[in-house]
Amino acid sequence: MTVAEEAEKYGLHRVGARPSLVDYLKQTWSRREFIYELAKARVQSQNDRNRLGMIWVVLKPTFNALMYGMIFGVLQGANKPPEFPVFVVIGVFLFEFFTTSMNGGAKSITGNTALVQSLAFPRLSLPVAQVTQNLLTLVPMLGVMFLYALILGTTPKWSWFMIIPLVLLFSVFNMGVALICARITVHIRDFTNILPLIGRVLFYTSGVLFSVDRILNQWPWMIAVFDFHPLYQTLSIARAMIMNDSPYDPMAWLIVGAWAIATLAFGLIYFWKAEERYGRAD
């Protein structure tokens, strides 16, 4: 009998061995309190480092909305969508959640090398904690976003509550993206240098600052491509739920849901496959 067979006989397992996917998810779920407390502690630590604390969380997207709104408002001229200020605020605030999840997820393993190498726990906990942290940060941002909408003349309506299931779907999508980026960064450390460029390209191509129907009306095939763009469709739903008159196709919910589930499923399997590698992160 070999050593491996003898170890298996007595229930011994190799240190850092990858469990089955089901066991992996169970282990992660059993650490849900740790994940939440880690996310909450990081939010608090981030606020303590800033003199303005939580206020800065809201000021950053506010300044971005003002800057991009003025620049692109002038550039678009008559092609601006209706209620352009609210249009930009919704786009910038929600896109901030995506970029922080993507960038933070990419660094969730390589940025916690000491923790990864010293303690035994499912590494999935780290990117999950990162997206949870960003979700906790998003909550006050949503409150301010609705306040801006009121100030800018938007009428409150019951559909505003639909932002809750939309944010949950968006969180699922962002989780999948964070998992994919986390593993890529472990293999290719320079990937973090490319991410800002990727984020900037997505920012300018996701309808954050412009109406696709107005800007691309001469290229119907490009508009058709945006019908399957997860970020664009997420923003379209949010604007339709919040703004006074922003029509959308209800099929957008199906598209966003399909992207969220598919991205998370792929991200989980892709991340789990390299679990043994993360313990050797350097």
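Provided above is the structure to which this section pertains.
Residues numbered from 1 in each chain as written. Predicted model: local features only at pLDDT ≥ 70, side-chain atom pairs only at ≥ 80, totals over all residues. Heavy atoms only, no water.

I'd like to hear about the overall build of the chain, residue by residue, with values.
Of regular secondary structure, the chain possesses 14 helices and 0 strands. Relative to its full complement of 282 residues, the chain shows a buried share of 46%. Taken as a whole, the chain presents about 14900 Å² of accessible surface, with 67% of it coming from carbon and sulfur. (Helix = DSSP H or I, 4+ residues; strand = E, 2+ residues; numbered from the N terminus. Buried < 20%, exposed > 50% of the residue type's maximum accessible area, 1.4 Å probe, protein only. Areas by Shrake-Rupley, 256 points an atom, 1.4 Å probe, with all protein chains shown as cover.)

I'd like a description of helix H13 (residues 251-273), backed by residues and values.
Over its 23 residues, H13 runs 33 Å from end to end, which matches the ideal 33 Å to within 8%, given 1.5 Å per residue. The complete set of buried residues in H13 reads Ala252, Ile255, Val256, Gly257, Ala260, Thr263, Gly267, Leu268, Phe271 and Trp272. Buried residues belonging to H13 abut helix H2 (21-30), helix H7 (125-151), helix H8 (163-187), helix H12 (230-242) and helix H14 (275-278). (Expected span 1.5 Å × (residues − 1). Contact = heavy atoms within 4.5 Å.)

Quick rundown of the packing of helix H5 (residues 84-106) against helix H9 (residues 191-205)? Include the residues and the values.
Direction vectors running N to C along H5 and H9 enclose 160°, while the axes themselves pass 11 Å from each other. Comparing the axis directions of H5 and H9 gives the class roughly antiparallel. The hand of the H5/H9 crossing is right-handed. For the pair H5 and H9, contact is made by Val92, Phe95, Phe98, Met102, Asn103 and Ala106 and by Leu195, Ile198, Gly199, Leu202 and Phe203, respectively. Tallied by class, the residues present in the contact of H5 with H9 amount to 9 nonpolar, 2 polar and no charged. (Axes fitted to C-alpha atoms, helices over the stretch in contact; angles between N-to-C directions. Parallel < 35°, antiparallel > 145°, perpendicular 65-115°, else oblique. Left-handed = near helix turned anticlockwise from the far one by under 90°. Nonpolar A, V, L, I, M, F, W, Y, C, P; charged D, E, K, R; others polar.)

Can you break down the packing of H8 against H13 residue by residue, with the values?
In the contact formed by H8 and H13, the axes pass within 8 Å of each other and the chain directions differ by 30°. The angle between the axes of H8 and H13 places the two elements in the roughly parallel class. In the packing of H8 onto H13, the handedness of the crossing is left-handed.

Give me the lowdown on the environment of Tyr68, citing residues and values where you can.
Tracing the backbone shows Tyr68 in helix H4 (residues 54-76). By relative accessible area, Tyr68 is classed as buried at 11%. With 20 residues separating them along the chain, Tyr68 and Val88 place their C-alpha atoms 8.0 Å apart. Apart from residues lying up to four places away in sequence, Tyr68 is in contact with Gly73, Arg200, Phe203, Tyr204 and Leu209.

So what's going on with unusual backbone geometry? Which residues, and what values?
Of all residues except glycine, most have a negative phi; of all peptide bonds, most are trans. The backbone of Glu83 sits at a positive phi, close to 55°, despite the residue not being glycine. Its location among the elements puts Glu83 in the loop between H4 and H5.

Any details on a nonpolar patch on the surface? Residues and values, ideally.
Taken together, the side chains of Trp56, Phe63, Leu66 and Met70 define a hydrophobic patch exposed on the protein surface, amounting to about 450 Å² of accessible area. By the element assignment, Phe63 lies in helix H4. On the basis of relative accessible area, Phe63 is assigned to the partly exposed category, the value being 45%. (Patch = residues over 30% accessible without salt bridge, like charges linked within 9 Å, V, L, I, M, F, W, Y side chains within 5 Å. Salt bridge = Lys/Arg side-chain N within 4 Å of Asp/Glu carboxyl O.)

Could you give an account of the nonpolar core, naming the residues involved and the relevant values?
Core analysis: the largest hydrophobic core is formed by 50 residues, its most contacted members being Ile90, Phe98, Leu209 and Ile242. Taken together, the elements giving at least two residues each to this core come down to H4, H5, H7, H8, H9, H12 and H13. The element contributing the most residues to this core is H5, with 14 residues. Within the second largest apolar cluster, 21 residues are counted, among which are Ile35, Ile109, Val116 and Ala178. (Core = buried A, V, L, I, M, F, W, Y, C linked by side-chain atoms within 4.5 Å.)

Summarise the environment of Ser246; cite the residues concerned and give the values.
Within the fold, Ser246 resides in the loop between H12 and H13. In this structure the C-alpha to C-alpha distance between Ser246 and Ser236, which are 10 residues apart in sequence, comes to 8.1 Å. Excluding residues that lie within four positions of it along the chain, Ser246 makes contacts with Arg239 and Ala240.

Read these as layout, nothing more, since geometry by itself doesn't imply function.
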